[in-house]
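What follows is each chain in one-letter form.
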Amino acid sequence: MRQSYRLGQYKQIALGHGQCCLDLEGALIARDRVGIQDFVLLDAHNSETAFLDNLKKRFTEDLIYTYIGTLLISVNPYKELDIYTKKQMDLYMGVNFFELPPHIYALADNVYHTMLSEANNNFILISGESGAGKTEASKKILQYYAVSCPSSTLLDTVRDRMLMSNPVLEAFGNAKTMKNDNSSRFGKYMDIQFDCQGDAVGGHILSYLLEKSRVVHQNHGERNFHIFYQLVEGGEEDLLRHLGLEKDTKRYSYLVQGECSNVSSINDKNDWKTVKNALSVIDFDANDIEHLFGIIASVLHLGNVHFDGDTKGYATLNTNAALRWLLGIHVQVLHEALTFRKIEAKSEEVLSPFTVDHAIYARDALAKAIYGRAFTWLVNRINESLENKDSGRKTVIGLLDIYGFEVFSVNSFEQFCINYCNEKLQQLFIQLTLKAEQEEYEAEGIGWEPVQFFNNKIICDLVEEKHRGIISVLDEECMRPGDATDLTFLDKLEEKMGNHPHFVTYKLADKKTRKSLERGDFRLLHYAGEVTYCVVGFIDKNNDLLYKNIKDVMRLSKNPIIQQCFPATEGDSRRRPETVATQFKNSLLRLTEILTAKEAWYVRCLKSNDNKQPGKFDEVLVRHQVKYLGLMEHLRVRRAGFAYRRRYEVFLKRYKALCPATWPHWKGVPSDGVEKLVQHLGYQPDEYKMGKTKIFIRYARTLFATEDAFEICKHELAYIYVLFALLLFFFFCQHLATKIETCWRGVQARKERDRRAWAVKIIKQFIKGYITRREAKTTDNSEYLAFVRQSYLNRLKDNLPKTVLDKTTWLTPPPVMTETSEILRQLHTRMMVRKYVRGITPQKKAQLQQKVVTSGIFKGKKDSYPSSIAVPFVDTRINEQDINMRVLQTIRHERIKYSVPVVKYDRNGFKPRPRQLILTQAAVYLVEEAKIKQRVDYVSLKGASLSNLGDSVMILHVALNDPKQKGDMILQCDHLFEALTKLAMIANKQNNIKVVQGSIKFEIQAGKEGGVDFSVGQEPMIYKGKNGHLMVVAPRIKSR
Ligand SMILES: Nc1ncnc2c1ncn2[C@@H]1O[C@H](COP(=O)(O)OP(=O)(O)OP(=O)(O)O)[C@@H](O)[C@H]1O
Ligand SMILES: [Mg+2]
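These remarks concern the structure in this document.

Reading the values: the criteria
- All residue numbers here refer to positions counted from 1 along the written sequence of the relevant chain.
- Written order determines the labels here, with chains lettered from A and ligands numbered from 1.
- Per-residue local features are limited, in this predicted model, to residues with pLDDT of at least 70; the limit for side-chain atom pairs, both in listing and counting, is 80 or more; totals at the level of whole chains, interfaces and linings are taken over all residues.
- Water and hydrogen atoms were dropped before computing side-chain values, which therefore reflect all heavy atoms in the structure.
- Should DSSP find at least two bridges between two strands, the strands are taken to pair.
- Under the DSSP-based scheme used, a helix requires at least four consecutive residues in state H or I and a strand at least two consecutive residues in state E, with every element numbered from the N terminus.
- Axis lines are fitted through C-alpha atoms, for helices just across the contact stretch, and the angle between N-to-C directions can take any value from 0 to 180 degrees.
- We call a residue buried when its accessible area falls under 20% of the maximum for its residue type, exposed when it is over 50%, and partly exposed in between, using a 1.4 Å probe and counting protein chains only.
- Each reported salt bridge corresponds to a side-chain nitrogen of Lys or Arg within 4 Å of a carboxyl oxygen of Asp or Glu.
- Any two residues whose heavy atoms approach within 4.5 Å at even a single point are treated as in contact.
- Polar contact criterion, stated in full: a pair of N or O atoms within 3.5 Å, where within protein one must be able to donate a hydrogen and the other to accept it, and residues adjacent in sequence count only if both atoms are side-chain atoms.
- To estimate the expected span of a helix, subtract one from its residue number and multiply by 1.5 Å.
- Along the arc lie the directions from the helix axis toward the C-beta atoms.
- Near residues are defined by distance, with any heavy atom within 4 Å of the molecule or strand qualifying the residue.
- All accessible-area figures derive from a Shrake-Rupley calculation using a 1.4 Å probe, and residue coverage is judged against the displayed protein chains alone.
- When residues are sorted by character, Ala, Val, Leu, Ile, Met, Phe, Trp, Tyr, Cys and Pro go into the nonpolar class, Asp, Glu, Lys and Arg into the charged class, and all the rest, Gly among them, into the polar class.

This part is about the sheet that holds strand β17 (residues 644-647). Within the open sheet, the three strands sit side by side as β17-β19-β18. Their pairing is antiparallel. Of all the strands in the sheet, the pair left with one neighbour each is β17 and β18 (688-690). The sheet shows a mean angle of 15° between the axes of neighbouring strands, direction not considered. Sheet analysis places β18 next to strand β19 (residues 694-697), joined by three bridges and oriented antiparallel.

Laid out in structure tokens, this is it:
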């Protein structure tokens, strides 16, 4: 049976898996050599002193991070700590949040895994006052993701671009202030987009209100944006020459107002290199870079444009020197734009000259506009390079790093906006952690001791409320006809906010307070403390006006970035653009919407001291921050409250596998199921509460243990699923096998049945066909006849005669094939003949021709002929060396054609004598050793006779014209047919060879005859008969 889970059990399981012991509390305490890592575990959780003590204890040991549950507190150490190495990152990857000491990496990792497992969007709100370490924290988080997320070549590009967007944006948007040498002067919200595998695939940045006024003015001890110094200090000679710049920041009036262009903590030269490299990584080509720095240089040149007053007090320009570097716009055109204002009066345009102050104002407005718009362009351009065009589902982790709450000796419109922004974020924090939480407990009916906290809604309303808030009053002043000034604005404020507890002015203040206020000030009692704002510049800065003719002139610029920043379509609308404060307010509203749609995580940054001093823990300063950040309240709510809550259905759905009663389905009410589940898991009564619709879990550790148990269970489940699937598969296969067998048998049976039916039909047809096989072809016998034909042909094919002479082998055809068989037989014979003929050699051919002659003469005439057929003829029976030399010398000239041994019978007395019979081209010779006994030329040879029997006697008839001529030759020759055929062919006597029955007469000499009688006997014999004839007894030939 599947294992069920109890949290106690889980501890052992985890140990078994080689992980750290998850007796969380014990483990934490064991590791807590320095202070308490999680304030939730602090005994005196109501004591601010204990809280601070713990922070300080840890801080002095360089332990800058401490938790309140899942909230991370970070105290700025103002020194490099060895806790951001790759090794440290590896340590925190995928490890349970509470297993290792608090770290920004632990939070980053936890957010990442929550995003992956719950497939939801998250954001990390990093807050704290200026210089507390927000930007550093956000960079550490980004670096952690860059290292810990899966990577590929493609993703590496995205990752590098995300990382490299930081130095670029910091160069253009950060500056040294009194509070922070690298203070963010713009708000930054960055979405890191992940695909479903957890790969970082893209990003998007939203920027908020850049402090543009810094371009033209810096307070004492402060600097302009870093990029100006980086360019002037670090820029290559060629580049500076091209931009008309000198390598001396003191030469530029926009860079010297704070009187601290050089700061020891800042290395502009090195930073320049970093920025140049970063620009190339985020895909800026040489042109982009040239144009971008062209703009930066233009702003510096613009700052050096100085005006003199003419006699009427109107602004004039002494020199146009600086103007020629301005964005490729004609010097004269610029000159006019900076000293005159174009007023549209009815149908004509009138040029109205500026006073010197007015001209300076217009120049600065232009510088701010150019820089501000170029900054927006830069953010858009970075977004293009981070954009992921894949439309697949993505989840995001948002990082909010915005300018921190700040209080200077003189605070202006910018501080008002920045601090308002911090109020809003604090409100969001309160909303999400304190207020909403407590309201929820109430709604869910959870017994709850309310925690008192300061709700800054009252201040937010004071600033932003429609028609009544400071921004509304400011806007009204900016827009109303007549001479609105900063002071009339202050009057209006006093009029409207007179009684507000968080608002005070010189006029409204009591005596004591008045001492710390100027007449042009108003003071807000912010959540983080009092800030006195000087109203000077509020109206102008809120209007942020740029004269139309200056905008028109900017459009003439040859710099493509400026062309994009001042589009021709701008100003088409007659509607007045929104004021800066309203734009900012609306953008914060949108930001709040973006954030509330995501799951929130918090990093609260604390400043350890005001002097940027390493290791110094200013208790008063930290206590103040702890207070206004509401950390004590947060701790109290955490302690008394519940770290986690989920709707019963959702909770049950996720964890039901951990309890046999709820797995796989819970049939009852979800809350009962959850109750069963947590009881089974061994939750202690103080660890959770059951609300109306949700379960509330008090400690994060309880949830983490549950989650870890779930992780293990998931693996087991996966294993069980596999087993189950295999089992199912096995049963399925078994079932399938039976099914297949049944089907197979069915198919086989059907096949057999069909086969038999077919066989019956065929047999019937066969029988019918056999019966009617001799009849003409009908449907009944056609099949049978076809079969007979086919089977005959098949048999014939295997039994064909092998030789031409084989006449017996041909198969007897069935009646239907008689004719065909005959044709085939002839064809086959012809084929064999042809084959035979083709295989005949010239010698063999000559032989056969001789045999044909033999056949013509003797076939059917002489008994011994058939037996001679198979005996091959030879060229000669006596070789020339066996013929006597003398004979040869005598007859050689006639060319010997054939010789054969014969027995010659004397014509008188028939005495047998061995002789050689030699046929030449001209005559036939009978030779005895060296003696030619008789020569008969072929002309004199009348012919030859022989009997029809099986003997081998022949008589050569000689024409006896001459009395000296010897008579006919009676010869016995073992090669009778051969010798006679050769003779017939050489002497051309085919027609002169006679086969005779009975007796043959021969001439002994002219006029005297003898006879040879032939008969058949038991034994072949030749002897002289009583009648004086030669008696030849031939053997009996069987075939006869
Ligand atoms: N974790 C840290 N380790 C070492 N030094 C740090 C750390 N955090 C901050 N610092 C130091 O403090 C300085 C200010 O930090 P940072 O710029 O992050 O502040 P901030 O909260 O972003 O301020 P602002 O609101 O002005 O932008 C850094 O330049 C750095 O010198
Ligand atoms: Mg910052």
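What follows picks up the thread again.
All right, on to the pairing of strand β1 (residues 65-68) then. The alternating pattern of β1 places Y65 and Y67 on one face and T66 and I68 on the opposite face, and all of these are buried. Sheet topology places β1 next to strand β2 (residues 71-75); four bridges connect them, and they run antiparallel. Within β2, the residue paired with Y65 across the bridge is S74. As consecutive antiparallel partners, β1 and β2 are separated by two residues, and within that stretch G69 has a phi angle of approximately 65°, a positive value.

A separate point is the pattern of salt bridges. Close approach of charged atoms allows side chains of opposite charge to pair. Under the criterion given, the structure shown has 49 salt bridges. Linking R468 and E465 is a salt bridge whose minimum nitrogen-to-oxygen distance equals 4.0 Å. A relative accessible area of 30% means that E465 is categorised as partly exposed. With a closest N to O distance of 2.8 Å, K492 and E477 form a salt bridge. Of the two residues, K492 sits in helix α18 (residues 486-497) while E477 sits in helix α17 (residues 470-479), which places them 15 residues apart along the sequence. On the accessibility criterion, K492 (24% relative accessible area) is partly exposed.

Our focus in this paragraph is the environment of N219. Locating N219 in the fold gives a position in the loop between α8 (213-216) and α9 (226-234). Spatially, the C-alpha atoms of N219 and L334 are 29 Å apart, while their sequence positions differ by 115 residues. In this structure N219 touches G258 and V410, once residues within four positions along its chain are discounted. At a separation of 3.3 Å, a polar atom in the side chain of N219 contacts the side chain of H217.

Take helix α24 (residues 619-628) next. Among the residues making up α24, those that are buried are L621, V622, Q625, V626 and Y628. Against the buried residues of α24 lie α3 (48-60), α15 (413-444), β16 (599-606) and α25 (631-640). Taking the backbone nitrogen of V620 as reference, a side-chain oxygen 3.2 Å away marks D618 as the first, capping residue of α24. A positive backbone phi angle near 70° is found at G630, which sits one or two residues after α24.

Turning our attention to the side chain of E477. Looking at E477, the relative accessible area reads 1%, which means it is buried. At a separation of 2.7 Å, a polar atom in the side chain of E477 contacts the side chain of T488. A polar contact of 2.8 Å, which involves the side chain of E477, links it to the side chain of K492. Residue contacts for E477: discarding those within four places in its chain leaves A484, T485, T488, F489, K492 and I539.

When the terminal C-alpha atoms of helix α30 (residues 818-838) are compared, their 30 Å separation across 21 residues agrees well with the 30 Å that a helix rising 1.5 Å per residue should span. What α30 keeps buried is the set S821, H828 and M832. Around the axis of α30, the buried residues are gathered within 35° of arc, so they sit on the same side. In this structure, α30 carries E819, R830, R834 and R838 as exposed residues pointing more than 90 degrees from its buried face. Buried residues along α30 sit against α29 (779-798).

Turning our attention to the site of ligand 1. Around ligand 1, 20 residues are found, and the nearest of them are S130, G131, K134, T135 and S183. One nitrogen or oxygen atom from the side chain of S130 is found 2.6 Å from an oxygen atom belonging to ligand 1. For ligand 1, an oxygen atom lies 2.7 Å from a polar atom in the side chain of T135. Compared with its free state, where it exposes 620 Å², ligand 1 has 88% of that area covered by protein. Elements with a minimum of two residues in the shell around ligand 1: α6 (134-148) and β5 (183-184). The element contributing the most residues to the shell around ligand 1 is α6, with three residues. Class assignment of the residues belonging to the shell around ligand 1 gives a composition of six nonpolar, 10 polar and four charged.

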